[in-house]
Number of protein chains: 2
Amino acid sequence: MSESFFAQLEKKIDTKTKCRVSIPLANDEACAYAVCRGINSGILKATLIGNPEKIRLMYGEISDSPDVSIIDIRDEQSACAKAVEEVKEGRSNILMKGLVSTSTILKAVLNSQTGIKKNPLLSHLCFFELPDKPGVKILTDAAMCISPDAETLLMEIENAREAFCAFEKRSPNVALLSANEKISDKIPSTKLAEAVLSMVSTRKDMVVEGPMSFDLALNEESVRIKKYKGKIQGNADIFVVPRIDTGNALYKSLQYYVKASMGGMLYGARCPVVLTSRADSNDTKYNSLLLGISVWQDTR
Amino acid sequence: MSESFFAQLEKKIDTKTKCRVSIPLANDEACAYAVCRGINSGILKATLIGNPEKIRLMYGEISDSPDVSIIDIRDEQSACAKAVEEVKEGRSNILMKGLVSTSTILKAVLNSQTGIKKNPLLSHLCFFELPDKPGVKILTDAAMCISPDAETLLMEIENAREAFCAFEKRSPNVALLSANEKISDKIPSTKLAEAVLSMVSTRKDMVVEGPMSFDLALNEESVRIKKYKGKIQGNADIFVVPRIDTGNALYKSLQYYVKASMGGMLYGARCPVVLTSRADSNDTKYNSLLLGISVWQDTR
């Protein structure tokens, strides 16, 4: 079996131009774990914003590393603004969410004067790798877009496609997930998929198919039994859910029961915004950081 | 580790009063597998409706068993009506869906003159058992109720509670799944959960809690890390999804990646309606039949 995607990822990172991450209210356990590991591995520099005492307590001797600088700003909103400014002015390369609310950091990213929005939409990408399948897959959106309409869903897909192509140099297969393959007025997610399909019918840079159930997108055996005739035959790369509830349930199922290797980020700004949560495993926290670094290195 | 729920289930079935299943257009591979296994195990009789030649071809020597009768009706609608009549007039005890569409068998079940509706709603129950957790759990609704309002969701919960209590002699913990624990106008599933909660606040026969994410409903570790203070601490028995898309994705994830032991049925008629699909594993097909037999034996 070939080496896992996330293990390969760490090796591919170019250590000559270390990526610098900027973190508002960096005294967050998940950040501390991932950042300390990244600095010890020689792939990362960090600008830690927040209360220096708290940060030193949490990051230990790493706080004194020449690759770490600490900025004393203790207010959540100001810390987010500073972290974004660091990226905007080229002193940092990526963002990571510290002990701040997602809405506060988003407001700083999206600010029309001082922010760093790039794409029409910011959306969440969950990268995952299955035990029995090669390659990385993307689930969107499990954390940010709540009830997207067709236009928003298409923007989610654009973000996912762009990010996928940073890792795999080919057109992705995009599956629009639903409970059913038949388009039915009774099932809104099938109508949503139909609307998206009509908008991408001439696209050459990806295969978009749906509505389809999770198993057809992922499982060749199920494709064979159901005699599914589409282009996607259990080999989807990007899994698009119609609503955040579905994305969240799939994410949690992948996390706790499939034990998939995972990582996540917000995508659509000038740089990746790395998000980790306390309930993520240590590997997931570190994988998320690796993804952020890789996307930056690939797209700069 | 204690024996699995589904293995116990087969042993508990009372073979003195064999259950008789009635199947419209019984020449279905999933039905044939499950029924032949049930008859060989001595726990089942069957009334197979459809084209006798096709049935004999598929069921082999089991077609000649004294526990099997074959009724020659080849039209889908008439076969469904006959299967329901067999139950209504007491000659069969449960229904199993053969090579007919779900909507045709449902129409026969729900017919106000000739049907066998009992509860206000017919809903789908997916019974599952996790590798690392004792006891059976129910996911509802992964196959039938599309976008339930609060009243419908409450009826789904009633069906699930009633079925759960056929197996476990205690009040279930019911988790209303969503992407978030906070009630927010922006996330409809959280408002739906809020509405359901207001309708069950005085109930003593179950604990209903939500909105909550899948991991809090299922995983003690996540409860600990997130410091969740609810009554449900990773020990939900019934998992209620806000929409069929979410239910379907979770079902497929449990089926293909968690490799959970599973079985399913429609619930709310005078008898269970056993549903299997070709893409189900053989064990799932048989488990579904076992569930149907058990529920009948427990509730008759």
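Cut-offs and rules
Residues numbered from 1 in each chain as written. Chains lettered and ligands numbered in written order. Predicted model: local features only at pLDDT ≥ 70, side-chain atom pairs only at ≥ 80, totals over all residues. Heavy atoms only, no water. Buried < 20%, exposed > 50% of the residue type's maximum accessible area, 1.4 Å probe, protein only. Helix = DSSP H or I, 4+ residues; strand = E, 2+ residues; numbered from the N terminus. Pairing = 2+ DSSP bridges. Right-handed = clockwise from strand over helix to strand, strands pointing away. Contact = heavy atoms within 4.5 Å. Buried area = accessible area lost by both parts, 1.4 Å probe. Salt bridge = Lys/Arg side-chain N within 4 Å of Asp/Glu carboxyl O. Nonpolar A, V, L, I, M, F, W, Y, C, P; charged D, E, K, R; others polar. Disulfide = S-S within 2.5 Å. Axes fitted to C-alpha atoms, helices over the stretch in contact; angles between N-to-C directions. Domains from an automatic or database assignment. Polar contact = N/O pair within 3.5 Å; in protein donor to acceptor, adjacent residues only side chain to side chain.

Colleague: Which residues make up the pairing of strand S8 (residues 207–212) of chain B, and what are the values?
Modeller: Residues and elements named next belong to chain B. When you tally the buried positions in S8, you get five out of six residues, the bulk of the element. Inspection of the sheet shows strand S7 (residues 173–177) paired to S8 by four bridges, in the parallel sense. Along S8, the bridge assignment pairs Val174 with Val208. As a crossover connection, the stretch from S7 through helix H7 (residues 188–200) into S8 is right-handed.

Colleague: Requested: an account of the interface of chain A and chain B, with residues and values cited.
Modeller: Interface size is commonly expressed as the accessible area that is lost once the parts come together. Counting residues at the interface gives 35 residues for chain A and 35 residues for chain B. Carbon and sulfur atoms supply 63% of the area that chain A and chain B bury against each other, a total of about 3,200 Å² over both sides. Viewed at the interface, chain B and chain A are joined by two salt bridges. Across the salt bridge formed by Asp215 of chain B and Lys252 of chain A, the nearest N and O atoms sit 3.1 Å from each other. Going through the elements one at a time, helix H7 (188–199), helix H8 (214–218), helix H9 (220–226) and helix H10 (244–258) of chain A are the ones with two or more residues in the side of chain A that touches chain B. With 11 residues, the single largest contributor to the side of chain A that touches chain B is H10 of chain A. Residue classes in the side of chain A that touches chain B are distributed as 16 nonpolar, nine polar and 10 charged.

Colleague: Can you lay out the state of the cysteines for me, pointing to particular residues and giving the numbers?
Modeller: Enumeration according to the criterion identifies zero disulfides over all chains in this entry. In this structure Cys19 of chain A is a free cysteine whose sulfur lies 8.5 Å from that of Cys271 of chain A, the closest cysteine sulfur available. You can call Cys19 of chain A buried: its relative accessible area is 0%. Here Cys145 of chain B stays unpaired: no disulfide links it, and the sulfur of Cys126 of chain B, its closest cysteine neighbor, is 14 Å away.

Colleague: Hey, could you go over the sheet that holds strand S9 (residues 238–240) of chain A for me, with residue numbers and the actual values?
Modeller: All names here are of chain A. A sheet is described by the order of its strands in space; here 11 strands give the open sequence S3-S2-S1-S4-S11-S10-S5-S6-S9-S7-S8, paired in mixed fashion. A single partner strand is all that each edge strand has here, and the edge strands are strand S3 (68–72) and strand S8 (207–212). Across six bridges, the pairing between strand S1 (residues 19–24) and strand S2 (residues 44–50) is parallel. The partner of Ile23 across the bridge, within S2, is Leu48. Across the sheet, helix H11 (residues 282–299) lies against S1, S2, strand S4 (94–96), strand S5 (123–129), strand S10 (261–267) and strand S11 (273–274), angled at about 50° from S10, the strand it touches most.

Colleague: Give a detailed account of the domain arrangement of chain A, specifying residues and quantitative values.
Modeller: Residue and element names in this part refer to chain A. On domain assignment, one finds that chain A holds domain 1 (5–118 + 269–299) and domain 2 (127–258). Measuring from the centre of the C-alpha atoms in domain 1 to the corresponding centre in domain 2 gives 29 Å. Contacts between the two partners involve 11 residues from domain 1, matched on the other side by 11 residues from domain 2. Both faces combined, the contact of domain 1 with domain 2 buries some 1,000 Å², and carbon together with sulfur accounts for 63% of it. One can count two salt bridges joining domain 1 with domain 2. In this structure, Lys169 and Asp298 form a salt bridge, with 3.2 Å as the shortest nitrogen-oxygen distance. Our count for the domain 1 to domain 2 interface comes out at five residue pairs in polar contact (both at pLDDT 80 or more). Among the secondary structure elements, those contributing two or more residues to the side of domain 1 that touches domain 2 are helix H1 (5–12) and H11.

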